[in-house]
Amino acid sequence: MSFSQHVLSSSCILFTLFFFNLQSIEARLVTFDSEDDLRFISSHVGLLDDSSSQMTVQDVSKISSSNWKRNKEGSKFFTNKYSNGNLWYRFDINNKTRETIWLRTESSGAWILDFYSPQSGGKYDKIELGRTRPDENKVFPADHYVVPIKPGNHTYYIMIQNKLPSNIMYVLGKTQDLSAFNQRQIEIPKYLFIGLMIAMLLYNVFALITIGDKLYIIYIAYLIGILFFVPFAMDAPIFSHIWFWDKLLVWANATYFLAGIFSINHLSLKKRTPRLYYLVMICMIILTVPYSILNYLDIVELGTLMKTWQVFLFVYIISMFVSGLVIWFKGYQNARFYVVGWVPLMLCLFIYITDLNGVLNLYILDGLSLYIGYGFEAILFTVALSDKINMLKKEKYDLIMAQNEMLESKVQTRTEELRKTNTAKDKLFAIIGHDLRSPVNSLKGLLGLIDQGLMTKEEFEILTSKLKDSVNHMYETLNNMLHWANSQMNGFDVKAKVVKAFDLAEENVRLTKSIASEKKITVTNEIEKDLTVECDPEHIKLVFRNLISNALKFTPDDGNIRIASKPSKKYIEFCVHDYGVGMTQEQVKNLFGDNKHKSENGTRGEKGTGLGLTLCKDFVEKNGGKIKAESEKGRGTSIFFTVPRAKS
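Calculation rules
- Residues numbered from 1 in each chain as written.
- Predicted model: local features only at pLDDT ≥ 70, side-chain atom pairs only at ≥ 80, totals over all residues.
- Heavy atoms only, no water.
- Helix = DSSP H or I, 4+ residues; strand = E, 2+ residues; numbered from the N terminus.
- Buried < 20%, exposed > 50% of the residue type's maximum accessible area, 1.4 Å probe, protein only.
- Contact = heavy atoms within 4.5 Å.
- Areas by Shrake-Rupley, 256 points an atom, 1.4 Å probe, with all protein chains shown as cover.
- Salt bridge = Lys/Arg side-chain N within 4 Å of Asp/Glu carboxyl O.
- 1 Å grid on protein atoms, 1.4 Å probe; cavity = no way out; pocket = protein on both sides within 12 Å on 5 of 7 lines; lining within 4 Å.
- Points joined across faces, edges and corners; volume = space filled by probe spheres on them.
- Nonpolar A, V, L, I, M, F, W, Y, C, P; charged D, E, K, R; others polar.
- Pairing = 2+ DSSP bridges.
- Axes fitted to C-alpha atoms, helices over the stretch in contact; angles between N-to-C directions.

J.: I tried to follow the overall build of the chain on my own but got confused; where do I start?
T.: Looking only at helices and strands, the chain has 17 helices and 20 strands in total. Among the 648 residues that make up the chain, the fraction classed as buried is 45%. Long-range contacts, defined here as pairs at least 24 residues apart, represent 77% of the contacts in the chain between residues at least 6 apart. Total accessible area on the chain stands at roughly 33800 Å², and carbon and sulfur atoms take up 58% of it.

Here it is in structure tokens:
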């Protein structure tokens, strides 16, 4: 290669380096004309990380502009990550106006912010700002740090010592324009959020006073927590004492602790899903306890703690969201608004954290993400709480209505029992007054005649048969009355045992043999002798006795009565069949009615009380069986009843 080619090549390289260096300087230079209102200059700012924290403004002013880190072109925010050292920012500004303009910065993590303005002779004026400095140091009436930019083309420097990551929006503007911008960007969103929180607080305080549910106390405390925390995180704190910045995780974790307690109680996690309850509890303890202790005792730098705390915060919120989702899917509708309330917050919190740490740099909500997220959450959680209270009220109302219906049913049942008792009492007195008094009076009169000697022996013998019938009727009536009265007052005590069905029937055939012989009626026991039943034998004996007595009563002389059985797998059906006078269908229908059946006289004028069939029905049913009747007028009657078969 010739000498001229070497010269040409070197000249091209130098020109290229000069051009790109010029481009870098020109790209960093901000020109502000008199016609300008506001200029967003975050993409024109240079950043230098002094990890040693030893550099002075004279040192950094000597560093070439190419060694300063630049932000992405067109960026509205400058992502300021946590650093253990000092962060230096360089501003090349050409103020073409004849007045002082202002440079607005914002950094919630700026414990110390020193602004250096160039003077003659390479010296710099210094304005000391930051959270650790007095508010009187501020030179512009705003919550954020605003510094003056004098007319002319100058290079300015800002040194920041931060403990928290932040997104800084650097804005140039005139006094009036910058004040209006601060109001739009910071003050209006802040006070709208505060107004919303106060409205939610008042509503929930009123609900607490009205309803008295203790869950409202937890939620009100949580609302108070986010009322202070969210403006703080959005760099517009309601209060700015340095303790609240140094111990940020201590009081912020108290707010998120309340969120967990609210979620656990609102969803009734411990009762409905114990596993999710323990999951939320573990996440809550991990987030709140160790980080609060480490922050309070200054064991670990706040900025270092924040890196993992943000991750655990998001995991914690997801655990509460998933818990609500599971509860909702299980059919508990009071979780629906709770679940929906977490969605906008999770989205906005994700955007906030990723922007804050320079991960995605979306900046789609223009620095309002937490206001929007927590605002929607506060509204939807309030609706969720109201919805739950309304559902509990409905459940309580339904419970009261169910209890009222149950009480009404009990009252009706008791009323019916009293009616039955009164009916039974009336019938008992009627039986005593008529069916028993008449035979007793007859017997009394007969004995009186004998005692006075007014009846001969022959006349007495003639009346003996009738007297025997009266005594038998009176005995049967008294026996049934005693059983019936005992059942009405004391209920039944079933003492089941395995017995032979044939023997139960045969014993009563023998007892009624004299009555059957007198009417020349044949009673045949056709029950299989090896059939066994499981029942109270005394109860079933009374059933057979009453049914056989009834059959004898309504069967004419020289008639027949059959007692048969029909076994099945679980029951044995017995039938007492007579070929007597029979009944109409209306009589059959009322035969086992509740004391509605009227006793009829037998073929020889035999009287009855009507209690026998009532006792039969009660005893059969108490022993686990059923009873029914089939009859045809003039052709006889069949009474069927079942008894549980003995287990083999």
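So much for the structure itself; the text now carries on.
J.: I'm lost on the pattern of salt bridges in this one. Help?
T.: Side chains that differ in charge, positive against negative, can pair when their charged atoms come close. In this structure the tally under the stated criterion is 13 salt bridges. Between D114 and R133 there is a salt bridge, with its nearest N and O atoms 2.9 Å apart. Remark: R133 occurs in the loop between β9 (124-129) and β10 (145-149) and D114 occurs in strand β8 (residues 110-118); sequence separation between them is 19 residues. Both residues of the pair, D114 and R133, belong to the buried class.

J.: Whenever I open this one, empty space enclosed by the protein confuses me. Can you help?
T.: Think of a ball as big as a water molecule: rolled over the atoms, this probe shows where empty space is left. This structure, assessed with the given rule, holds 2 cavities of 30 Å³ or more. There is about 230 Å³ of room inside the second largest cavity. Secondary structure elements with two or more residues in the lining of the second largest cavity: α4 (215-233), α6 (248-267), α9 (302-329), α10 (336-356) and α11 (369-451). When grouped by side-chain class, the residues that make up the lining of the second largest cavity number 17 nonpolar, 2 polar and no charged.

J.: Any chance you could explain the environment of G624 here in plain terms?
T.: Structurally, the position occupied by G624 is in the loop between α17 (611-622) and β19 (627-632). The partly exposed category is assigned to G624, whose relative accessible area is 37%.

J.: What is the right way to look at the sheet that holds strand β2 (residues 38-40) in this model?
T.: In a beta sheet, neighbouring strands pair by backbone hydrogen bonds and run either parallel or antiparallel. Strand order in the open sheet formed by 4 strands is β2-β13-β7-β10, with antiparallel pairing between adjacent strands. Two strands in the sheet have a free side with no partner beyond their single neighbour: β2 and β10. Neighbouring strand axes in the sheet, compared pairwise and without regard to direction, differ in orientation by 25 degrees on average.

J.: Looking at this structure, I do not really get the sheet that holds β19. What am I missing?
T.: On the basis of which strands lie adjacent, the open sheet formed by 5 strands has the order β15-β17-β18-β20-β19 and mixed pairing. Edge positions in the sheet fall to β15 (522-525) and β19, since each has one partner strand and no second. Each neighbouring strand pair of the sheet contributes to a mean axis angle of 15 degrees, computed without reference to strand direction. Bridge analysis of strand β18 (residues 571-578) against strand β20 (residues 636-644) gives 8 bridges, and the strand direction is antiparallel. Bridging from a neighbouring strand, F574 pairs with F641 of β20. Set on the sheet, helix α13 (residues 501-511) makes contact with β15, β17 (560-567) and β18; between it and β15 the angle comes to about 165 degrees.

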